[in-house]
Amino acid sequence: MMSFDPYGNPTYFILLLIALLPLMIGLLYGRRSHVYESIISFVFLLLTFGGVKWHTGIALIGYLIYEILLVWLYSKYRQRDDSPNKGWIFVVSVILAIAPLAVVKITPAVSHGASSIIGFLGISYLTFKVVQTIMETRDGVIKEFHPVLFGQFLLFFPTISSGPIDRYRRFVKDYDSVPTRAKYLDLMEKGIRYIFLGFFYKFILAYIFGTRMLPVVEHAALQAHGVSWALLGVMYVYSMDLFFDFAGYSLFAVGVSYLMGVETPMNFNQPFKSKNIKDFWNRWHMTLSFWFRDFIYMRLVFFFMKHKVFKSRITTANVCYVINMLIMGFWHGETWYYIVYGLFHGFAMVINDAWLRYKKRHKQQLPSNKFTEYFAIFLTFNVVCFSFLIFSGFLDTLWFHN
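Residues numbered from 1 in each chain as written. Predicted model: local features only at pLDDT ≥ 70, side-chain atom pairs only at ≥ 80, totals over all residues. Heavy atoms only, no water.

Here's the deal with the overall build of the protein chain
Moving on, step 1. Looking only at helices and strands, the protein chain has 15 helices and zero strands in total.
Moving on, step 2. Relative to its length of 402 residues, the protein chain is compact, with a C-alpha radius of gyration of 23 Å against a globular reference of 21 Å.
Moving on, step 3. When the backbone C-alpha atoms are referred to their principal axes, the protein chain occupies close to 60 × 55 × 50 Å.
Moving on, step 4. Expressed as a percentage of its 402 residues, the buried residues of the protein chain come to 50%.
Moving on, step 5. For the protein chain, the proportion of contacts with a sequence separation of at least 24, taken over those separated by at least 6, is 73%.
Moving on, step 6. Of the roughly 20500 Å² of accessible surface on the protein chain, 68% is carried by carbon and sulfur atoms.
Moving on, step 7. In the protein chain, which carries 37 positive and 23 negative side-chain charges, the distance between the mean positions of the two groups comes to 8 Å. (Helix = DSSP H or I, 4+ residues; strand = E, 2+ residues; numbered from the N terminus. Rg over C-alpha atoms; globule rule 2.2 N^0.38 Å. Buried < 20%, exposed > 50% of the residue type's maximum accessible area, 1.4 Å probe, protein only. Contact = heavy atoms within 4.5 Å. Areas by Shrake-Rupley, 256 points an atom, 1.4 Å probe, with all protein chains shown as cover. Lys, Arg positive; Asp, Glu negative; His and termini not counted. Charge placed at Lys NZ, Arg CZ, Asp CG, Glu CD.)

What follows is the structure in structure tokens.
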């Protein structure tokens, strides 16, 4: 049986075009077939998690049953007329939802690099969807829970492996409706454009930076030892490779979603034009950044302020920045460079806010023009690229394994 990584080779795209064509014709004529969508989703999930990777498919099925049952039980509890909305039940539900991901993330650290048998491609992004659904159910934002629709939301195949991370209510609104012909023609035009742009990013630019250039500058940096111009080359080349590879994948996911009549949110918005680090996180991997902002940072701020942990709002915000980004670092992996990457961005957010407050108090004394704007973009770009050098793990190789 054939097995593919999503968007990994031309054959996958040919099969995708064949499968999507009847769906696109139906949407053009105002019809949506959930049965057909379910069939093609099953086929492409089978191509991703079947064949030689069948064990990951079994893990996905077990995970899906577990999480849907968990969310259904919490929804039944929360939506009772007499529900007391006890905090401990909510906390236990979130912990149980995160537990499979925690096991997958921790296993390599405690078993000499071996992967967990319950792991599969995309488990992080599915877990984020589950947790946000529990939280929005607790807040009363989600009034009804439909297990089948929730399963479709989790298993939406264009985005299952690496996002973007959609929101349940937004997805259901698109999935349960048929766009007008004018609206769908616009979605189709954008979707095709995003897919072609994704090809340019992932298969040309990411290939040039990641396959052709990166090994050369890494070899030169290892030969030079320590800090060198070659290391600076690694920093910039890896940053470009990371961006174009991931942005290209995200464009594929969004483009295919649009062709299916679902407006999956964009993941990148010209992040290297950011004027400060907070602006960067509003442009880079936006669905993940906004998820951490809404479901970790804001809730930490609310908890600390409610319990008056700190007297100052500024201290509360700063502590929450660091905790939020540290958690993001741990989520990437239990290695020193991921953790330092998270801390780096946490403290960068603290410094950024301090600078913005200083600018506000001294705006008459500080110039604000095109030069300062471009300098801010230049400085932010270099700070971000340095953080990506940390994130890459190359410094670990250079310092400890060379």
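Here the narrative resumes, following the displayed structure.
Overview of a nonpolar patch on the surface
Moving on, step 1. Nonpolar side chains collect at one region of the surface, where Leu-197, Phe-200, Phe-203, Ile-204, Tyr-207, Ile-208 and Met-213 lie side by side and expose about 560 Å² of accessible area between them.
Moving on, step 2. Take Leu-197: it is sitting in helix H8 (residues 181-224). (Patch = residues over 30% accessible without salt bridge, like charges linked within 9 Å, V, L, I, M, F, W, Y side chains within 5 Å. Salt bridge = Lys/Arg side-chain N within 4 Å of Asp/Glu carboxyl O.)

Re helix H7 (residues 168-175)
Moving on, step 1. Along H7, the positions that sit buried rather than exposed are Tyr-168, Phe-171, Val-172, Asp-174 and Tyr-175. In an axial view of H7, the angular spread of the buried residues amounts to 165°, which keeps them on one side of the axis.
Moving on, step 2. Of the surrounding elements, those touching the buried residues of H7 are helix H2 (34-49), helix H5 (123-138) and helix H6 (147-154). (Arc of directions from axis to C-beta.)

Thoughts on the packing of aromatic side chains
Moving on, step 1. For the coordinates displayed, the defined rule picks out 64 aromatic pairs.
Moving on, step 2. One residue, Lys-129, lies across the ring of Phe-153, its end atom 4.7 Å from the ring centre.
Moving on, step 3. Taking NZ or CZ as reference, Arg-181 lies 5.0 Å from the ring centre of Tyr-29, over its face. (Phe/Tyr/Trp six-rings, centres within 6.5 Å; stacked < 30°, edge-to-face > 60°. Lys NZ or Arg CZ within 6 Å of the ring centre and 35° of its normal.)

Describing helix H11 (residues 286-306)
Moving on, step 1. The end-to-end C-alpha distance of H11, which contains 21 residues, comes to 28 Å, matching closely the 30 Å that a straight helix rising 1.5 Å per residue would cover.
Moving on, step 2. Within H11, the axis deviates most sharply at Arg-293, by approximately 35°.
Moving on, step 3. Along H11, the positions that sit buried rather than exposed are Met-286, Thr-287, Leu-288, Ser-289, Trp-291, Phe-292, Phe-295, Ile-296, Tyr-297, Val-301 and Phe-304.
Moving on, step 4. For H11, the elements touching its buried residues are H5, helix H10 (277-281) and helix H12 (313-332).
Moving on, step 5. Looking at the residues trailing H11, positive phi occurs at Lys-308, about 50°. (Expected span 1.5 Å × (residues − 1). Bend = angle between axes of the 7 residues up to and from the residue.)

Digging into the side chain of Thr-127
Moving on, step 1. As for its placement among the helices and strands, Thr-127 is situated in helix H5.
Moving on, step 2. Given a relative accessible area of 2%, Thr-127 falls into the buried group.
Moving on, step 3. Other than its neighbours up to four places away in sequence, Thr-127 contacts Tyr-63, Ala-97, Ile-98 and Leu-101.

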